[in-house]
Amino acid sequence: MELDGRALAERIRAREAPRLEALRRQGIHPSLLSIEVGENPSSESYLRGQRRGAEAWGIEYRMQRLPASSTEDDVRDALAEAAADARVTGILLQCPLPSGLSARALQHEIPPHKDVEGVHPENLGTVVHGRPRLAPCTAMAVMELVASSGLALQGCEAVVVGHSEIVGKPVALLLLAQDATTTVCHKFTKDLASHTRRADLLVVAVGKARLVTADMVKPGAVVVDVGINAVRDPKDPAKTVIVGDVDTAALLAKGCAVSPVPGGVGPVTVAMLLRNTLVAAERAYSDPEAETPPLFPDL
Ligand code: NAP
């Protein structure tokens with residue numbers, strides 16, 4: 001079975017629509033500002049998704065492009081301006097940044113209540129506490145895809161391959177918060193297959209085409225493939241195609257539930273970004289210390 005991310009993103013939009021209506025009734029208009037430094041071809045698809053998604057959801061969206069030659073201070077100034085602008089309720093700094101600019105240092109300049117990508121240490125801290133407010137969008141997208149598969153997480157063997165700050169680590173914490181027995185694998189893991197074969201749930205977020213082959217996965221496992229890799233098109237070697245980190249067709253043939261690439265994690269990540277934009281707008285006009293309702297009420 002394929003875990004259809006496009007269909008899930010639509011269901012999330014319908015689920016969250018009353019939230020946007022409630023904000024509008026109060027005269028609050030969520031507005032997302034996406035800042036890109038220079039022009040990076042690998043960001044194009046995400047930027048397109050943001051614009052299309054915001055349009056479909058009815059959320060105001062603006063893209064600000066700074067010159068590729070911008071210094072860290074230039075980017076800081078743009079972020080400070082957006083932070084001070086009450087009309088902007090959510091800010092995202094598009095990564096990767098040109099070399100010489102520190103994504104981590106700059107992301108920390110976004111005020112936590114406008115940090116719709118959930119990358120500020122204060123927001124990441126709420127993930128550690130198991131009470132996420134604005135959590136990293138891709139990590140939340142993984143959780144939504146898992147929920148859509150119907151897999152019961154309590155006590156299940158979950159294996160996460162990759163431990164980046166925006167995907168692998170927060171996914172592992174979100175899974176732990178749902179009482180899954182969670183293993184995290186990385187570049188120095190000695191025998192990757194011995195871990196992946198145990199998994200009822202396998203999340204792969206590395207960026208290596210076909211890292212996970214059918215012999216490495218238990219029949220019937222739920223597999224969420226986060227990877228995005230441009231590889232030569234086997235039908236036309238002059239072209240490239242986008243694939244994930246797992247051998248999707250072989251895993252489907254083994255009875256696994258697999259999120260395809262493209263059309264799996266990507267569209268749900270955009271839906272989570274827009275959902276975070278609504279949460280940020282709600283918080284901007286309410287008590288910032290108030291508890292946020294659980295992110296995954298259905299789990
Ligand atoms: P990243 O920061 O490069 O992290 C990759 C992780 O994989 C690191 O923890 C690395 O370990 C680990 N790794 C590298 N080689 C490995 C191996 N052979 N076996 C096991 N682990 C290995 O990447 P990321 O930002 O997490 O993104 C991962 C992939 O997901 C990329 O393809 C990216 O494009 C994609 N992505 C997709 C979306 C989406 O919305 N669809 C969003 C974000 C990212 P070390 O740290 O030890 O090197």
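Residues numbered from 1 in each chain as written. Predicted model: local features only at pLDDT ≥ 70, side-chain atom pairs only at ≥ 80, totals over all residues. Heavy atoms only, no water.

Considering the side chain of H120
Right, so step 1: Relative to the helices and strands, H120 is located in the loop between α4 (103-107) and α5 (121-128).
Right, so step 2: Not counting residues up to four positions away in its chain, the partners in contact with H120 are Q107, H108, I110, P112 and D115. (Helix = DSSP H or I, 4+ residues; strand = E, 2+ residues; numbered from the N terminus. Contact = heavy atoms within 4.5 Å.)

Structural notes on the pairing of strand β1 (residues 31-37)
Right, so step 1: The buried fraction of β1 is high, at seven of seven residues.
Right, so step 2: Side chains of β1 alternate between two faces, with S31, L33, I35 and V37 and L32, S34 and E36 buried alike.
Right, so step 3: The handedness of the β1 to strand β2 (residues 60-66) crossover, carried by helix α2 (residues 44-57), is right-handed.
Right, so step 4: Bridge count between β1 and strand β3 (residues 90-93): four bridges; the pairing is parallel. Looking across to β3, one finds that I35 is bridged to L93. (Buried < 20%, exposed > 50% of the residue type's maximum accessible area, 1.4 Å probe, protein only. Right-handed = clockwise from strand over helix to strand, strands pointing away. Pairing = 2+ DSSP bridges.)

Some words on the nonpolar core
Right, so step 1: Counting 55 residues, the largest nonpolar core has L153, V171, L175, L201, V203 and V224 as the members making the most contacts within it.
Right, so step 2: Those elements that place two or more of their residues in this core are α1 (5-25), α2, α6 (137-149), β4 (157-161), α7 (168-177), β6 (201-204), β7 (222-225) and α10 (265-284).
Right, so step 3: Of the residues forming this core, the biggest block, 11 residues, is contributed by α10.
Right, so step 4: In contact with L201, other than residues within four places in its own chain, are V146, L151, L153, C156, E157, A158, V159, L175, V222 and V224.
Right, so step 5: Ranked by size, the runner-up nonpolar core spans 17 residues in total, among them C185, L202, V223 and V246. (Core = buried A, V, L, I, M, F, W, Y, C linked by side-chain atoms within 4.5 Å.)

Concerning the environment of A180
Right, so step 1: In this fold, A180 is placed in the loop between α7 and β5 (181-185).
Right, so step 2: Taking relative accessible area as the criterion, A180 reaches 5% and is therefore assigned buried.
Right, so step 3: Distance in space between the C-alpha atoms of A180 and G255 is 22 Å, their sequence separation being 75 residues.
Right, so step 4: Dropping the residues within four chain positions of it, A180 is found in contact with L153, G155, C156, A158 and L175.

Observations regarding the side chain of Q107
Right, so step 1: For Q107, the location among the structural elements is in helix α4.
Right, so step 2: Each residue touching Q107, except ones within four places of it in the same chain, is listed here: L93, C95, V119 and H120.

Let's talk about the sheet that holds β3
Right, so step 1: If you walk across this open sheet you meet the three strands as β2-β1-β3, and the pairing is parallel. Here the strands that pair on one side only, and so sit at the sheet edges, are β2 and β3. Put simply, the sheet's adjacent strands are angled 20° from each other on average, direction ignored.
Right, so step 2: Contacting β1, β2 and β3, α2 runs over the sheet at an angle of about 155° to β2. (Axes fitted to C-alpha atoms, helices over the stretch in contact; angles between N-to-C directions.)

Points about the packing of α1 against α6
Right, so step 1: Where α1 contacts α6, the axes come no closer than 11 Å and their chain directions differ by 100°. In terms of orientation, α1 lies roughly perpendicular with respect to α6. Here G5, L8, R11, I12 and R15 of α1 come into contact with α6, specifically with E144, L145 and S148.
Right, so step 2: Split by residue class, the contact of α1 with α6 holds three nonpolar, two polar and three charged. (Parallel < 35°, antiparallel > 145°, perpendicular 65-115°, else oblique. Nonpolar A, V, L, I, M, F, W, Y, C, P; charged D, E, K, R; others polar.)

A short note on the site of the ligand
Right, so step 1: In the neighbourhood of the ligand, 20 residues make up the surrounding shell, with H163, S164, G207, I228 and T269 lying closest.
Right, so step 2: At 3.3 Å, a backbone N or O of V226 approaches an oxygen atom of the ligand.
Right, so step 3: A distance of 3.1 Å is found between an oxygen atom of the ligand and a side-chain nitrogen or oxygen belonging to T269.
Right, so step 4: Here the ligand, which alone exposes 920 Å², has 71% of that area covered by the protein.
Right, so step 5: Looking at the shell around the ligand residue by residue, the classes come out as nine nonpolar, nine polar and two charged. (Near = heavy atom within 4 Å. Polar contact = N/O pair within 3.5 Å; in protein donor to acceptor, adjacent residues only side chain to side chain. Areas by Shrake-Rupley, 256 points an atom, 1.4 Å probe, with all protein chains shown as cover.)

Quick notes on the sheet that holds β7
Right, so step 1: The five strands lie next to each other as β5-β4-β6-β7-β10, forming an open sheet whose pairing is parallel. Strands with a single pairing partner mark the edges of an open sheet, and in this sheet they are β5 and β10 (257-258).
Right, so step 2: Looking at chain direction, β4 and β6 are connected through four bridges and run parallel. Pairing of A158 across the sheet is with L201, part of β6.
Right, so step 3: Sheet strands touched by α6: β6 and β7. Its angle to β7, the strand with the most contacts, is close to 155°.

A word on the pairing of β7
Right, so step 1: Neither face of β7 is open: one carries V222 and V224, the other V223 and D225, and all of them are buried.
Right, so step 2: Both β6 and β7 contribute to a ladder of four bridges, which runs parallel. Counted as the bridge partner of L202 is V223 from β7.
Right, so step 3: Examined bridge by bridge, β7 and β10 share two bridges and lie parallel to one another. Bridged to V222 within β10 is A257.

Everything listed is a geometric property; what it means functionally is a separate question.
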